[in-house]
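One letter stands for each residue in the lines below.
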Amino acid sequence: MSEIRIFGIRHHGPGSARSLVRALDAFAPDCLLVEGPPDAEALLALAADPEMRPPVALLVYRADRPRDCAFFPFAAFSPEWVALRHAQEREVPARFIDLPHAIQLADGFGELATEGPAAIDDEAEKDPERGPATAAMRRDPLGELARAAGYDDGERWWDAFVESRSEAGEDVFSAIAEAMAALREAEDAMSENAMSENASPDAERFREEAREAHMRTGLRRAAKDGFSRIAVVCGAWHAPALARHDATGQPVRDAAILKGLPKTKVAAAWAPWSYERLATASGYRAGVLSPEWYDAVWHHGDRVAARWLSRAAALLRGEDLDASSATVIEAVRLAGMLAGLRGRSRPSLDDLDEAAASTLCFADPAPMRLIRAKLVIGERLGATPAGSARTPVELDFAAQCKRLRLSPEGGSREIVLDLRKEGDLARSHFLNRLALVGIPWGTRRQAGGRGTFREAWVLAWQPEWAVDLVAASADGGTVADAAASRIRTLAHATTRVSDLSDLIGTLLDADLAQASADVVQALDDRAAVSSDVFDLMQALPALAELARYGSVRSSDTEPVRRIVRGIVPRIAAGLVVACQSLDDDAAALAKGHVEGVHRAVSLLEESDLGEVWRDALLSLAGQDHVHGRVVGRAVRLLFDARAISAEDAGTRLRPALSRASGAAPAAAWIAGFLEGGGTALIHGDGLLGILDDWLVGLDADHFTDLLPLVRRSFATIPRPERRAIGEALRRPGGTTPDATGHGHGFDAARAARVLPVLRLLLGPEPAPGGDAR
């Protein structure tokens, strides 16, 4: 009869790994079963390849939908990795026994929860206390034990009682299995209560039962195959369930659970991974808080404190911070004393953290942030053998680089792309798509506006982006698919119309037509119901630029134009109301939005939209209860566009400067009117005189108060225009142009001097009656 030993481990725990090595050496199994995807079993031999350097991950994905996938990371200190290497070194057969992902990724698998044998609480919908308790117990059993022991989280408890214990043998697995059994009994009791209250089935619970049924089946199969000493390495939570593999009736129940489960075709590949993605902060459910620290614990054992603090000192010295050898010695002693006071055989990470903060960093949080980033989480990057299978996005990336003649290499270089050339346009699309999946290989430098055919890029490849390529496989099978998927997710979470307009520009740059259509539809839907006029105004300039210049990239911009044609009337209808009751800061923002819409409408060159916007500006320019800066700007935009005459502008300026309006509102009106240039005062019929009369008519107190505001307005006018205004004011009665429209003082002799140059530029004058073309 086969002897079976089950070792429940903490994923990515070096203490578990060290104890597991001792236990496996003592047991000497002739078969090793590991909680892992059987779909990737054919790739296990590559773990022994000299080029395989953890951290690495197994990726299992649907062949037809690579976005449906699962990652299984391994570090050098992961117990599963240690077990696999142990088996390979001793030429012991190793098998993965978890539920195949050909089943877990199949369509309809999650829906079987309503038909499966497990029926428990519905995640707190019926009982807000019981739901989170049972879910937390299954997802983080160590956290439950930690809370019972008075610790904040499971990792710190495990670190203190397992990782930091220098002598932990096979007895630790018995203790953990006993604790897990007690937790599972409590969880089962809660589940039975839920069933008695007719709670709905839980998909996660059904999935766990199916997984454990398959692992028990794999265990029995190994025994049937004739192995006499079988070692099973699994997550601690599953250990009590696998111990029931030979219970009466268990094989029948397991067969019933696994019967009729759907399947799909999957593929698998090894991929490089990083400690940053192994960390809990990355969102990885089985992650650890301190992968780099665990690496040090695994490789340096009892010398880890001195080693870790020496590395911290070297790191600080690399940043030109003081960290002497004497300080390191003091820190090591302090960490040892803290560990002794807390009843530990050697310092834990908490002890080292406090010792480093006190001695090396002098309680300065900035150096400690550096230490935690480099020596607690870490930046280690793994590698896989060159000939190993790669993930779909990696394969697509390599193919695209070859097709486009782009080589990932160290250093930086600049390239200039001509978007009229098919190859350069494709390179631009590719670099923009990579940026959307979090790989900014190329940084664009301004080589003109959106209407130009040239783009300048600086390329600088970073090795750690290999991990981002692998992670992108969770979003699609190609770089384009992954980029489109991420932008759709972002668009779904975006509520502001202006943010969606920015996304459309990004998508056009990346040539993601289908995703662009989805985002355009989302923008159209939200713009149609948006009551935030300023949000619509902020969105319009980017959309107008896309509508006008999108053709540079051979993109279809007609959907964008349709949105613009719908947004402009909505802005016009709500403009006056939106500009009511604004303070000075809000008025400055509103003025900027008005200018942006004006430029956008002018850029589009559509007469219908121009008329709608002109009417909106005319309505705004006639308001008495809108901030003067906004009204003044509206009048100036109308004047520059020749929608109103100089006389009309003067008619609007006079009441704005009247005593009844007040000095401060008058100054605001002038600021809005004059910002950006003084040509209106130079060429406007009588406008300078009206302004001059207003300033001269101010009493001393008002003049003193308003002088800074008026000077600030005139400071925005270019120096030559200010000089021309001054010269006009010095002329006798010199603020009124003559009847010809030219200002007094026109010098015909000076004008004649430029005529020869103009003839050279424009050609000779045509003969009388000749063709002037």
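Residues numbered from 1 in each chain as written. Predicted model: local features only at pLDDT ≥ 70, side-chain atom pairs only at ≥ 80, totals over all residues. Heavy atoms only, no water.

What follows is about the overall build of the protein. Counting secondary structure elements, the protein contains 35 helices and ten strands. Counting every position in the protein, which comprises 773 residues, the buried fraction comes to 49%. When contacts within the protein are restricted to residue pairs at least 6 apart in sequence, long-range pairs at least 24 apart make up 75% of them. Accessible surface, the protein as shown: approximately 36,600 Å² in total, 52% of it carbon and sulfur. (Helix = DSSP H or I, 4+ residues; strand = E, 2+ residues; numbered from the N terminus. Buried < 20%, exposed > 50% of the residue type's maximum accessible area, 1.4 Å probe, protein only. Contact = heavy atoms within 4.5 Å. Areas by Shrake-Rupley, 256 points an atom, 1.4 Å probe, with all protein chains shown as cover.)

So, about a nonpolar patch on the surface. Side chains of Val-754, Leu-755, Val-757, Leu-758, Leu-761 and Leu-762 sit close together on the surface and give an oily, nonpolar patch of about 590 Å² of accessible area. With respect to the helices and strands, Leu-762 occurs in helix α35 (residues 755–762). Residue classification places Leu-762 among the exposed residues on the basis of a relative accessible area of 72%. (Patch = residues over 30% accessible without salt bridge, like charges linked within 9 Å, V, L, I, M, F, W, Y side chains within 5 Å. Salt bridge = Lys/Arg side-chain N within 4 Å of Asp/Glu carboxyl O.)

Of the residues in the protein, 83% have a pLDDT of 70 or more, and the chain-wide mean is 81. Note on residues 116–133: pLDDT is under 50 here. Beyond four places in sequence and across chains, it has 46 contacts. When the criterion is pLDDT under 50, residues 195–200 qualifies, and its contacts beyond four places in sequence or with other chains add up to 13 contacts. (pLDDT = per-residue confidence, 0-100.)

To continue, consider the packing of helix α15 (residues 349–359) against helix α16 (residues 365–377). Relative to each other, α15 and α16 sit at 145 degrees, their axes nearing to 11 Å. In the packing of α15 onto α16, the handedness of the crossing is right-handed. Contacts between α15 and α16 involve Leu-349, Asp-353, Ala-356 and Ala-357 on the former and, on the latter, Met-368, Arg-372 and Val-376. Residues of the contact of α15 with α16, tallied by class, amount to five nonpolar, no polar and two charged. (Axes fitted to C-alpha atoms, helices over the stretch in contact; angles between N-to-C directions. Left-handed = near helix turned anticlockwise from the far one by under 90°. Nonpolar A, V, L, I, M, F, W, Y, C, P; charged D, E, K, R; others polar.)

A separate point is the pattern of salt bridges. Enumeration according to the criterion identifies 40 salt bridges in this entry. For Glu-89, the salt bridge identified is with Arg-85, shortest N-O distance 3.9 Å. Of this pair, Glu-89 and Arg-85 both sit in helix α2 (residues 79–89), four residues apart, which is roughly one turn of the helix. When its relative accessible area of 54% is taken as the criterion, Glu-89 is described as exposed. A relative accessible area of 24% means that Arg-85 is categorised as partly exposed. We note a salt bridge from Arg-496 to Asp-535, for which the minimum N-O separation is 3.3 Å. Of the two residues, Arg-496 is situated in the loop between α20 (479–493) and α21 (497–510) and Asp-535 in helix α23 (residues 533–549); the sequence distance between them amounts to 39 residues. Taking relative accessible area as the criterion, Asp-535 reaches 4% and is therefore assigned buried. Through salt bridges with shared partners, a single ionic network connects Glu-35, Asp-98, Arg-207, Glu-208 and Arg-211.

Burial analysis of strand β10 (residues 454–460) places five of its seven residues in the buried class, which makes it a mostly covered element. When strand β8 (residues 412–418) meets β10, the two strands line up antiparallel, connected through seven bridges. Note that in β10 the partner of Arg-413 across the bridge is Leu-459. (Pairing = 2+ DSSP bridges.)

Before going further, it helps to examine the packing of aromatic side chains. In the structure shown here, the tally under the stated rule is 14 aromatic pairs. Aromatic pair Phe-109 and Phe-206: ring centres 5.9 Å apart, planes at 40 degrees, arrangement tilted. With Phe-109 in the loop between α3 (101–104) and α4 (130–139) and Phe-206 in helix α8 (residues 203–224), this residue pair connects regions lying 97 residues apart in the sequence. According to the relative accessible area criterion, Phe-109 is buried, its value standing at 4%. Three or more aromatic residues joined by ring pairs form one cluster here, namely Phe-397, Phe-430, Trp-441, Trp-461 and Trp-465. (Phe/Tyr/Trp six-rings, centres within 6.5 Å; stacked < 30°, edge-to-face > 60°.)

One open sheet holds the three strands; their spatial order is β4-β3-β7, and the pairing between them is antiparallel. Of all strands in the sheet, those bounded by a partner on one side alone are β4 (69–74) and β7 (266–272). With direction set aside, neighbouring strand axes in the sheet form an average angle of 20 degrees. Taken together, the six bridges between strand β3 (residues 56–62) and β4 define a ladder with antiparallel strand orientation. Paired with Leu-58 across the strands is Phe-72, a residue of β4.

Burial of α2 is extensive: eight of the eleven residues sit out of reach of the surface. Of all the residues in α2, the buried ones are Pro-79, Glu-80, Trp-81, Val-82, Ala-83, Leu-84, His-86 and Ala-87. One or two steps after α2, the chain reaches Glu-91, where phi turns positive at roughly 55 degrees.

It is worth spelling out the sheet that holds strand β6 (residues 229–235) at this point. Spatially, β1-β6-β2-β5 is the arrangement adopted by the four strands of the open sheet, whose pairing is parallel. Unpaired on one side and paired on the other, β1 (3–9) and β5 (94–96) mark the two borders of the sheet. The sheet shows a mean angle of 20 degrees between the axes of neighbouring strands, direction not considered. With seven bridges connecting them, β1 and β6 associate as parallel partners. The residue of β6 that forms the bridge with Arg-5 is Ala-231. Here α2 sits on the sheet in contact with β1, β2 (31–34), β5 and β6, set at roughly 155 degrees to β2.

Take unusual backbone geometry next. Geometrically, the link from Pro-54 to Pro-55 is a cis peptide bond, its omega value of 5 degrees lying close to zero. Structurally, Pro-55 is set in the loop between β2 and β3. Its identity as a non-glycine residue notwithstanding, His-12 has a phi of 60 degrees, on the positive side. Within the secondary structure, His-12 sits in the loop between β1 and α1 (14–27). Using a relative accessible area of 2% as the deciding quantity, one classes His-12 as buried. Unusually for a residue other than glycine, Glu-91 sits at a positive phi of about 55 degrees. With respect to the helices, strands and loops of the structure, Glu-91 is situated in the loop between α2 and β5.

The subject of this paragraph is the packing of helix α12 (residues 291–300) against helix α13 (residues 304–318). Packing of α12 against α13 leaves a shortest axis separation of 9 Å and a crossing angle of 135 degrees. Between α12 and α13, the interaxial angle falls into the category oblique. The interaxial crossing formed by α12 with α13 has right-handed handedness. Of the residues in α13, those in contact with Glu-292, Trp-293, Ala-296, Val-297 and His-300 of α12 are Val-304, Arg-307, Trp-308 and Arg-311. Here the residues of the contact of α12 with α13 sort into five nonpolar, one polar and three charged. (Parallel < 35°, antiparallel > 145°, perpendicular 65-115°, else oblique.)

Moving on: the side chain of His-598. For His-598, the location among the structural elements is in helix α25 (residues 584–604). Here His-598 is in contact with Trp-613, Leu-617, Leu-637 and Ala-641, once residues within four sequence places are set aside.

What follows is about the environment of Leu-691. Take Leu-691: it is sitting in helix α31 (residues 687–697). Sequence separation between Leu-691 and Gly-650 is 41 residues; the distance between their C-alpha atoms is 9.4 Å.

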